[in-house]
Each structure stands twice: as C-alpha cells, then as structure tokens.
There are 2 protein chains.
Amino acid sequence: MPDPAPRRGRRPAGEDTRALIVDAACAEFAAKGYDRASIRGIARTAGVDPSLVHHYFDGKTGLFAAAMALPVDPHVVAEGILEQPVARRGQALVRAFLGTWETPEARPRMEALLRSAAGQADMAELLRGFLLREVFRPLVGGMGEAEADRRAGLVASQMIGLAFTRYVVPVPGVADRSTEELVADIAPTIQRYLEL
Amino acid sequence: MPDPAPRRGRRPAGEDTRALIVDAACAEFAAKGYDRASIRGIARTAGVDPSLVHHYFDGKTGLFAAAMALPVDPHVVAEGILEQPVARRGQALVRAFLGTWETPEARPRMEALLRSAAGQADMAELLRGFLLREVFRPLVGGMGEAEADRRAGLVASQMIGLAFTRYVVPVPGVADRSTEELVADIAPTIQRYLEL
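In this text the structure is predicted, and so the values were computed from the model without any measurement.

Caption draft 1: Looking closely at the overall build of chain A. Within chain A, the regular secondary structure consists of 10 helices and zero strands. Going from the N terminus to the C terminus, chain A shows its helices and strands as α-α-α-α-α-α-α-α-α-α. A principal-axis box enclosing the C-alpha atoms of chain A has dimensions of 50 × 40 × 35 Å. Looking at chain A as a whole, 49% of its 196 residues are labelled buried. Counted over contacts in chain A with a minimum sequence separation of 6, partners at least 24 positions apart contribute 62%. Counting 24 positive and 25 negative side-chain charges, chain A places the centres of these two groups 2 Å from one another.

In structure tokens, the structure reads:
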C-alpha cells in the first residue's frame, strides 16, 4: 500500500478550491452581511461554479461556519435541539452550547469571536444576522415576529452573557463550574424565555 | 451680585486638585486592579493628603466611578437595592441598571466600557474586581463564598448579556423594547439566581 502523498509544497487542487471558496465567503459575508450574501455571489467571487460550493459545504450555514472557523455549524446544532421535546430545549441548548466550546481547540476561537464582535461593528452585525436567522429564531418557532424577536432576544442575552463571563472575562461562579452545574442553573432561564 | 468667575483659562485650584486625584486613581487602578489599589496610595501618587481624597470623593467606590467616568457610583445603587425586601431585589436591580444607562449621556459611556472590557484583559479584570466586590457580592448577601460566587456569577452573566445585546450589539427583542418590558421579562431570572 503506497504512503499517502506528502503534504508539503503545493496543496492538492481540491484544497486549493476549498480555500478559495472560504476566502471568497469571508469577503462576501463581511461586505454584505449574512442575510444578503449568497452562494451564487460567493461562487462568482471565487471564480467557481455554484455546484462546487455545494460540493464542499453544507449550504450557506456550513459555509459561514467555515468562514468564521467555527468548530461546528450552529445551524446543525440548532436542528438537533429542535428534535428534543419543547420542555427539554432549554437544557439541550445550554448543554450543546457549552459542549461545543469546551474543547481546548474551540475555546480560544470563541474568545476571539466574542472579542471581535465587541470591538468591530461589522463583525457584530454579521454574527447577529447569522445567529438570529439560523439559530435563535428557528429555536423559538413560528409565532408572530415581535413575539419571536422577544424570545430570541432574551435567549441571546443570557447565552451571550454566559459566554462572556465564562470565556472572555472569567467570573468566579461561572468560569470555574462544570458544564452540568451551569446547565442545571441556566437551563430553566432559557426554558422560561422560550415559553414566554 | 457679582457674576460667577469666568471658566476660561486656568481652572480654579479645587478642580485642579480633583483632576489630579482622578488621574492618579486611573493610573493606580490600572496598575494594581480594584482590590489592591488604595486611597492612601492614590493620594501619594497625586501628591496630596488622603483627607483631600475623602473631601472630594465618597470613598474608594466613588473614586472608581469618577475614574471610569461612570454616570453614578454603582455601590450606591447597590445599597439602594439592598434596602428593598428580598423578593423585590431582582426587579430593583434590573430597573436601576437600565435606568442608569438609558440617558443619552450615559449610553455611549456604557458601550465604550463594555467594548474596552471585551478588548483589553486588564480593563476587564479591573471592572470584574469592582463589580464583584462592590455590587454583585453585596447583593447576594452573606452565605459561604462558593454559594455567593455562584449567585453573583449567574446574576453577572445575565446582566452583562443584557447590556451587550441592548447597547453593544443591538439585538431585536432586547434593544428595541422599553425598560419596563425588560424588567418584567428579566427580573424573574435575576430573582431566581439571587435565591438559588
């Protein structure tokens, strides 16, 4: 059995193409925001056919996750939570959120993302657009827009504050406790907001 | 009755002294953090007698509020909340917090503070030290340290997330609602954390 091809020097064509698409996605998301960026426009910027984008990435949410170097696609996580019964979604959300970010590789990325959202208005706008459309609004379900905004906004306020006090400005009582302790304390808050 | 003295040119001696003390406090808090900075040390840096610091400022918390250009001394606000019956403290905290920051003058200062806490580790450490010691720990009262940290940390996580989604990265459903609507939605969360 031959050794795998050495990885030094030029990358294989597939990786070049993938990297080209990620670069184009970064530029397009930054320029247009999440809602107005499109796979078609990103393919055009990268100089590839849109079908190639779909070959490498699981839709716009997967492409966004790759462009932001997220450890998982949050939209996929949100879909997993929606499979839970309504009464368990608060718990599932807090557990999935913390679980995703607790690996040694993911944690510095979370810190960097939150810091850049706090410091750069366009980055904040981009993350907000993505999180509301692909994560928080799907989670709160299909009522009227004002009601959905209210629930999604409240959930976002607690989850962002949790991330901030655990990863960015570590606060005792949040940063030094286990995932399951935080799930027990914070899940009832999220559950209440989801059912307001 | 004579006109008040014109304000152009040299400031009166009192204001010079006050400004000198504020500058010294900024340097001292930045260098040592909140807990280790002292009025005596700040007076020494400013080259004035400690009694002069007490003449211009209401203790270390008042000096910190002046150094950070806060619209009010949060410690004084916390004392007002502690005068409420326990069952109303969640409500009082959310209302006081939002009320303080909703004026057109205070709001940009809040944004700047949160952004700099997100971007600069020493600023984050300074604010955390102050908020925990002078605001959140007094509010949760006198139980054991681990229990107090747990309550104070959870309260901080929701309040910081509220500030973030209302002032820094405005999220619909939080940024566009009235103070009293947010008090109604978020006070039960704070109340629950205070009584955990």
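Caption draft 2: Structural detail: the interface of chain B and chain A. Contacts between the two partners involve 37 residues from chain B and, on the opposite side, 37 residues from chain A. Summing both partners gives a buried area of about 2900 Å² for chain B against chain A, and 61% of it is carried by carbon and sulfur. Of the charged contacts, one joins B:Asp185 and A:Arg150 as a salt bridge, the two residues approaching to 2.7 Å between their closest N and O atoms. In this structure, the connection of chain B to chain A is made through 14 residue pairs in polar contact (both at pLDDT 80 or more). Ranked by residues supplied to the side of chain B that touches chain A, first place goes to helix α9 (residues 145-168) of chain B with 13 residues. Grouping the constituent residues of the side of chain B that touches chain A by class yields 21 nonpolar, eight polar and eight charged.

Caption draft 3: Region of interest: the relation of the copies chain B and chain A. With an RMSD of 0.0 Å, the fit of chain B onto chain A corresponds to turning through 180° and sliding 0.0 Å along the axis. Taken together, the rotation angle and the small translation identify this as a two-fold axis. The position closest to the rotation axis in chain B is occupied by the C-alpha of B:Gly161, lying 1.8 Å away. Both copies share a contact surface, since 100% of the interface residues of chain B are interface residues in chain A too.

Caption draft 4: Up close: the packing of aromatic side chains. Taken as a whole and judged by the stated rule, the model has 11 aromatic pairs over all chains. Their ring planes at 75° and their centres at 5.0 Å tell us that A:Tyr34 and A:Phe130 sit as a pair that is edge-to-face. With A:Tyr34 in helix α1 (residues 13-36) and A:Phe130 in helix α8 (residues 121-140), this residue pair connects regions lying 96 residues apart in the sequence. Among the residues examined, A:Phe130 registers a relative accessible area of 1% and is labelled buried. A network of ring pairs unites the aromatic residues A:Phe29, A:Tyr34, A:Phe64 and A:Phe130 as a single cluster. Directly above the ring of B:Tyr34 sits B:Lys60, whose terminal nitrogen or CZ lies 4.7 Å from the centroid.

Caption draft 5: View of the confidence of the model for chain A. Averaged over every residue, the pLDDT of chain A is 87; the share at 70 or more is 93%. Across the assembled chains, the prediction reports ipTM 0.83 with pTM 0.84.

Caption draft 6: Local environment of the side chain of B:His75. With respect to the element layout, B:His75 can be found in helix α5 (residues 74-82). Apart from residues no more than four positions distant in its own chain, B:His75 is found in contact with B:Thr61, B:Glu134 and B:Val135.

Caption draft 7: Region of the structure containing the packing of helix α9 (residues 145-168) of chain A against helix α10 (residues 179-194) of chain A. Residues and elements named next belong to chain A. Taken N-terminus to C-terminus, the directions of α9 and α10 make an angle of 160°; their axes are 8 Å apart at the nearest point. The pairing of α9 with α10 is recorded here as roughly antiparallel in orientation. Of the two possible hands of crossing, α9 and α10 adopt the one that is right-handed. On the side of α9, the interface is formed by Arg151, Leu154, Val155, Gln158, Met159, Leu162 and Arg166, while α10 contributes Thr179, Leu182, Ile186, Thr189, Ile190, Tyr193 and Leu194. Residue classes in the contact of α9 with α10 are distributed as nine nonpolar, three polar and two charged.

The rules behind these values
Note that residues are indexed from 1 along each chain, following the sequence as it is written. For naming, the first written chain is A and the first written ligand is 1, with later ones following in the order written. Where totals are concerned, whole chains, interfaces and linings use all residues; where local detail is concerned, this predicted model gives features only for residues with pLDDT of at least 70, and gives and counts side-chain atom pairs only at 80 or more. Excluded from the side-chain calculation are hydrogens and water; included are all heavy atoms of the structure. Each helix corresponds to a stretch of at least 4 residues labelled H or I by DSSP, and each strand to a stretch of at least 2 residues labelled E; elements are numbered beginning at the N terminus. For every residue, the accessible area (1.4 Å probe, protein chains only) is compared with the maximum for its type, and the residue is labelled buried under 20%, exposed over 50%, or partly exposed between those bounds. The contact definition used throughout considers only heavy atoms, calling two residues in contact when any of these lie within 4.5 Å. Just so you know, the count uses Lys and Arg for positive and Asp and Glu for negative, and it drops His and the chain ends. Every charge is mapped onto a representative atom, which is NZ of Lys, CZ of Arg, CG of Asp or CD of Glu. Buried area adds together the accessible area that both of two parts lose upon being put together, with accessible area traced by a 1.4 Å probe. Any carboxyl oxygen of Asp or Glu that lies within 4 Å of a side-chain nitrogen of Lys or Arg is treated as forming a salt bridge with it. A 3.5 Å cut-off defines polar contacts: any pair of N or O atoms within that distance qualifies, except that in protein one atom must be a possible hydrogen donor and the other a possible acceptor, and neighbouring residues in sequence count only when both atoms are side-chain atoms. Each residue gets one label: Ala, Val, Leu, Ile, Met, Phe, Trp, Tyr, Cys and Pro are nonpolar, Asp, Glu, Lys and Arg are charged, and the others, such as Gly, are polar. The least-squares superposition of copies is restricted to C-alpha atoms, and to residues with a pLDDT of at least 70 in both copies. When the centres of two rings from Phe, Tyr and Trp lie within 6.5 Å, Trp using its six-membered ring, the rings pair. Their planes under 30 degrees apart give stacked, over 60 give edge-to-face, and anything left gives tilted. We count a charge as sitting over a ring when the NZ of a lysine or the CZ of an arginine lies within 6 Å of the ring centre and within 35 degrees of the ring normal. pLDDT measures the predictor's confidence residue by residue and takes values from 0 up to 100. Interaxial angles span 0 to 180 degrees and are taken between N-to-C directions of axes, which are lines fitted to C-alpha atoms, for helices over the stretch in contact. Should an angle lie under 35 degrees it is considered roughly parallel, over 145 roughly antiparallel, and from 65 to 115 roughly perpendicular; all remaining angles are considered oblique. Left-handed describes a crossing whose near helix is turned anticlockwise from the far helix by less than a right angle; the clockwise case is right-handed.

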